[in-house]
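What follows is the residue order along each chain.
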Amino acid sequence: MKKVIAATWQESLPEEFISFAQGRRIEEVECIVPDLVGTSRGKAMPAVKFKPSTDLALPVSLFYQTISGEYVDMDIEGQWLEKDIVLRPDMSTACSIPWSSDLSLQVICDMFNRDGTPLEIAPREVLRRVVSIYREKGWKPVVAPELEFYLTKPNHDPNEAIEPPVGRTGRKGASRQVYSMAAVDEFGEVIDTIYDFAEAQGLEIDTVIQEGGAGQIEINLMHGDPLRLADQVFYFKRTIREAALKNGVFATFMAKPIRDEPGSAMHVHQSIVDVETGENIFSNADGTESDLFRWFIGGSQKYLMQAVPLLAPYVNSYRRITVEGQSAPANIEWASDNRTTGLRVPHSVPAARRLENRVTGMDCNPYIAIAVSLASGLLGIMNKTEPRPEAKKEVWEAEHSLPASLREALDIFDEAKEIRELLGEEFCRLYADIKRAENEEYQREISPWERQHLLLNV
């Protein structure tokens, strides 16, 4: 039998990969990068051609495309020279591709300019930039994402509505079965495949639950380093899609895929640890809430409102947060243990005190969304931003409601000087240009609703 160890670099691969390999030879390596959407782009090659020290190249124009693949002409000097950017594998992210027919390896790459400087518009670099500012202050942010998604019947015609899948009983999935174990078991084969794929990649799952929608599942991840958790979300989205396809269904991370069903969010729990002491800086020594925690909440209220397009990046995103009675908070208020507010303080012991951002949609780029969430709280601490009073009851209507459309959100983002400076102006300008182009492209479409109700009635 051919052994898996064929090159020196393979000796340091994670134990999960070695166990999954079972002595087989690696056939292929995928060097991938997260694009603005949060999906993978990159290059695949025979394993014998791969060396971690070898620089790979891709054109920077991969960041100049809308979600539909249209290129956007922007105010970028020499934009269409399509200069190469350098890809360097981060071997700490290397893991298997368990759905591949051959033994294959995937590894996330960092991106650099030819002069060796980091590519500032790369989503992974945007998050690293924010985390580095925390590090300069002697702090380590900790996050725990929650991933909501729908399993659906295969949808081959975009003009047809998305429908829940048929489970093991032969019946179409029904909604309003939140937390039902029977509902989870209905799609047990898909869940089992997700578990198998995750284990083969060394990805950790905390819990799996049935959410409120028909065929809607939530996977909670273990808390940890923001960059590593964003990498896991990036991997998980690909993993879940492949697990669904293996079982004859689709998985979608659209914020609002089915009319009259709840939307899908990526809630993010956030705390900050002092690097030297290991203590949670959101709690005082006596267990009470610290000023830093209060200011983190205040910053989240102020600056998340200015950066909504990074949390709700598409026209569809606003169907999730603007439709009444669908479980998604359309506000940026805060409260303890209150799921109608955009910012929630879960009940916990002082050492685990944290703030949950419930605004972010599952259609986000995880690197960008986690970066802006942490950046908003950090700006609040730096500026000692006081939060508004805690909400004491359900918040269905609020003075400080989220923008109702992508266009409105982008107009607010244009004036967000502080958050743009922290995230990087070059990145923010590019991101806004792409989103405006996507919005304009959508506005040219004529929807089935318009054809049904306006064609012969107006």
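Owing to the predicted nature of the structure, the values given are computational and were not obtained by experimental measurement. (Residues numbered from 1 in each chain as written. Predicted model: local features only at pLDDT ≥ 70, side-chain atom pairs only at ≥ 80, totals over all residues. Heavy atoms only, no water.)

1. Focus on the packing of helix H4 (residues 188-201) against helix H5 (residues 226-246)
Part 1 of the reasoning: Relative to each other, H4 and H5 sit at 135°, their axes nearing to 9 Å. Of the possible angle classes, the one that applies to H4 and H5 is oblique. Along this stretch, H4 crosses H5, giving a crossing that reads as right-handed. Each of Val190, Thr193, Ile194, Phe197, Ala198 and Gln201 in H4 lies in contact with H5, whose residues at this interface are Tyr235, Phe236, Thr239, Ile240, Glu242, Ala243, Ala244 and Lys246.
Part 2 of the reasoning: Class assignment for the residues of the contact of H4 with H5 results in 9 nonpolar, 3 polar and 2 charged. (Axes fitted to C-alpha atoms, helices over the stretch in contact; angles between N-to-C directions. Helix = DSSP H or I, 4+ residues; strand = E, 2+ residues; numbered from the N terminus. Parallel < 35°, antiparallel > 145°, perpendicular 65-115°, else oblique. Left-handed = near helix turned anticlockwise from the far one by under 90°. Contact = heavy atoms within 4.5 Å. Nonpolar A, V, L, I, M, F, W, Y, C, P; charged D, E, K, R; others polar.)

2. Some remarks on the packing of aromatic side chains
Part 1 of the reasoning: A complete count under the given rule lists 10 aromatic pairs for this structure.
Part 2 of the reasoning: Ring centres 4.8 Å apart and planes at 45° place the aromatic pair phenylalanine 282 and phenylalanine 293 in the tilted group. Remark: phenylalanine 293 occurs in helix H6 (residues 291-306) and phenylalanine 282 occurs in the loop between strand S11 (266-274) and H6; sequence separation between them is 11 residues. The burial state of phenylalanine 282 is the same as that of phenylalanine 293; both residues are buried.
Part 3 of the reasoning: Every member of this aromatic cluster is reached through a ring pair, and the members are Tyr64, Tyr71 and Trp80.
Part 4 of the reasoning: The lysine or arginine in question, arginine 24, covers the ring of phenylalanine 20, its NZ or CZ lying 5.5 Å from the ring centre.
Part 5 of the reasoning: A cation over an aromatic ring shows up here: arginine 420 above the ring of phenylalanine 413, its NZ or CZ 4.8 Å from the ring centre. (Phe/Tyr/Trp six-rings, centres within 6.5 Å; stacked < 30°, edge-to-face > 60°. Buried < 20%, exposed > 50% of the residue type's maximum accessible area, 1.4 Å probe, protein only. Lys NZ or Arg CZ within 6 Å of the ring centre and 35° of its normal.)

3. Details of the nonpolar core
Part 1 of the reasoning: Counting residues in each nonpolar core, the largest one holds 125 residues, and the members touching the most others are Phe63, Ile419 and Leu423.
Part 2 of the reasoning: Broken down by element, this core gets its largest block of residues, 11 residues, from helix H8 (residues 366-383).
Part 3 of the reasoning: Excluding anything up to four places from it in sequence, leucine 423 contacts Val126, Arg129, Val130, Leu310, Ala371, Val372, Ala375 and Cys428. (Core = buried A, V, L, I, M, F, W, Y, C linked by side-chain atoms within 4.5 Å.)

4. Some remarks on H5
Part 1 of the reasoning: Taking 1.5 Å per residue as the helical rise, H5 with its 21 residues ought to reach 30 Å, and the 30 Å between its terminal C-alpha atoms agrees with that figure.
Part 2 of the reasoning: Among the residues trailing H5, glycine 248 stands out with phi positive, at a value near 80°. (Expected span 1.5 Å × (residues − 1).)

5. As for unusual backbone geometry
A negative phi holds for most residues other than glycine; trans holds for most peptide bonds.
Part 1 of the reasoning: Of note in the backbone geometry, glutamate 82 takes a positive phi value of approximately 50° without being a glycine.
Part 2 of the reasoning: By relative accessible area, which is 36% here, glutamate 82 ends up partly exposed.

6. Notes on the side chain of aspartate 90
Part 1 of the reasoning: Residue placement: aspartate 90 occurs in the loop between strand S4 (84-89) and strand S5 (95-96).
Part 2 of the reasoning: Of note is the side chain of aspartate 90, whose polar atom sits 2.6 Å from the side chain of serine 92.
Part 3 of the reasoning: Discounting chain neighbours no more than four positions away, the residues touching aspartate 90 are Val107, Ile108, Cys109, Asp110, Arg124 and Arg228. (Polar contact = N/O pair within 3.5 Å; in protein donor to acceptor, adjacent residues only side chain to side chain.)

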